[in-house]
Amino acid sequence: LKNALDGKFANNEKVLKLDFVYGSVENGCLNPLDGQQRLTTLWLLHWYIAFKAGKLSENKDTFKNFSYETRTSSREFCKKLSDFEFTSEKPITVQIQNKTWFLSVWKQDPTIQAMLNMLGGTPIKDNEKNEILDGIEEVFVDCDFSTYKSYWKKLTYTECPIIFYYLDLEGLALSDDLYIKMN
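**Quick word on a nonpolar patch on the surface**
Part 1 of the reasoning: Residues V25, L30, F164 and Y166 make up a contiguous nonpolar surface patch of roughly 310 Å² in combined accessible area.
Part 2 of the reasoning: Within the fold, Y166 resides in strand β3 (residues 162-168).
Part 3 of the reasoning: What makes Y166 partly exposed here is its relative accessible area of 32%.

Pasting the structure below:
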């Protein structure tokens, strides 16, 4: 994702393609049947870049449009992240978990923990005992404010270098049965 924002593509590509997201649109809301992890990753990437570029408060209503229907805790966590304010130079996951609104029970919620891992990374090491950089904050650690502003502009531009394809199951008269069969 960072390479795409930096304009570094493999095989002379011009965009990073994240494959298909399957779902349907109901009442103006996308309900993904498949692709939730990619969409969550993209939301977290946008959120983090906006946070670091000083664009979070002016876009918080847009970020609040992202929600989890099935898990109340995840929905509330995303809403709280949308209102997040910078507090210190501590790692982002420490800042989040130190907020008074962060509920201790969320430390047991697999979706919230996965989101925190995506933001801050995990302690996983490779075969040579080197830490694997697998969190957004770890990957973007060397960026300065102007770089984050540049990334934000790229992410919100109509020609964003990161894309996915959308397949509307409703428009194709397909149902959830297709997804069940695919898996």
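**Topic: the sheet that holds strand β2 (residues 29-34)**
Part 1 of the reasoning: Strand order across the open sheet formed by three strands is β2-β1-β3, with mixed pairing between neighbours. Looking along the sheet, the strands with just one partner apiece sit at the ends: β2 and β3. With direction set aside, neighbouring strand axes in the sheet form an average angle of 50 degrees.
Part 2 of the reasoning: The pairing of strand β1 (residues 16-26) with β2 spans five bridges and is antiparallel.

**A look at the confidence of the model for the protein chain**
Part 1 of the reasoning: Of all residues in the protein chain, 93% have pLDDT values of 70 or greater, and the mean over the chain is 88.
Part 2 of the reasoning: Looking at the elements of the protein chain, mean pLDDT is at its lowest for helix α9 (residues 176-182), recorded as 58, and at its highest for helix α8 (residues 145-156), recorded as 96.

**Considering the packing of aromatic side chains**
Part 1 of the reasoning: Summed over the entire model, instances satisfying the criterion amount to 16 aromatic pairs.
Part 2 of the reasoning: With centroids separated by 6.0 Å and ring planes inclined at 75 degrees, the aromatic side chains of W43 and F63 adopt a geometry described as edge-to-face. Taken as a pair, W43 in helix α2 (residues 36-52) and F63 in helix α3 (residues 56-63) lie far apart in primary sequence, 20 residues in all. F63 matches W43 in its accessibility class, with the two residues each being buried.
Part 3 of the reasoning: With a centroid separation of 5.7 Å and an interplanar angle of 65 degrees, the aromatic rings of W47 and F84 are classed as edge-to-face. In this pair, W47 is assigned in helix α2 and F84 in the loop between α4 (72-82) and α5 (92-98), connecting sequence segments 37 residues apart.
Part 4 of the reasoning: An aromatic cluster is defined as three or more aromatic residues linked by ring pairs; in this entry it consists of W43, F63, F66, Y68 and W152.
Part 5 of the reasoning: Stacked on the ring of F84, the Lys or Arg K99 has its end atom at 5.4 Å from the ring centre.

**Notes on the nonpolar core**
Part 1 of the reasoning: In this structure, W43, W47, F77, I96, F140 and I162 are the most contacted members of the largest nonpolar core, which totals 41 residues.
Part 2 of the reasoning: Secondary structure elements with two or more residues in this core: α1 (2-5), β1, α2, α3, α4, α5, α6 (110-120) and α8.
Part 3 of the reasoning: For this core, the element with the most residues is α2, which contributes ten residues.
Part 4 of the reasoning: Beyond its immediate chain neighbours, meaning those up to four positions away, F140 contacts K2, L5, L45, Y48, I49, Y148 and Y151.

What counts and what doesn't
- Residues numbered from 1 in each chain as written.
- Predicted model: local features only at pLDDT ≥ 70, side-chain atom pairs only at ≥ 80, totals over all residues.
- Heavy atoms only, no water.
- Patch = residues over 30% accessible without salt bridge, like charges linked within 9 Å, V, L, I, M, F, W, Y side chains within 5 Å.
- Areas by Shrake-Rupley, 256 points an atom, 1.4 Å probe, with all protein chains shown as cover.
- Salt bridge = Lys/Arg side-chain N within 4 Å of Asp/Glu carboxyl O.
- Helix = DSSP H or I, 4+ residues; strand = E, 2+ residues; numbered from the N terminus.
- Buried < 20%, exposed > 50% of the residue type's maximum accessible area, 1.4 Å probe, protein only.
- Pairing = 2+ DSSP bridges.
- Axes fitted to C-alpha atoms, helices over the stretch in contact; angles between N-to-C directions.
- pLDDT = per-residue confidence, 0-100.
- Phe/Tyr/Trp six-rings, centres within 6.5 Å; stacked < 30°, edge-to-face > 60°.
- Lys NZ or Arg CZ within 6 Å of the ring centre and 35° of its normal.
- Core = buried A, V, L, I, M, F, W, Y, C linked by side-chain atoms within 4.5 Å.
- Contact = heavy atoms within 4.5 Å.

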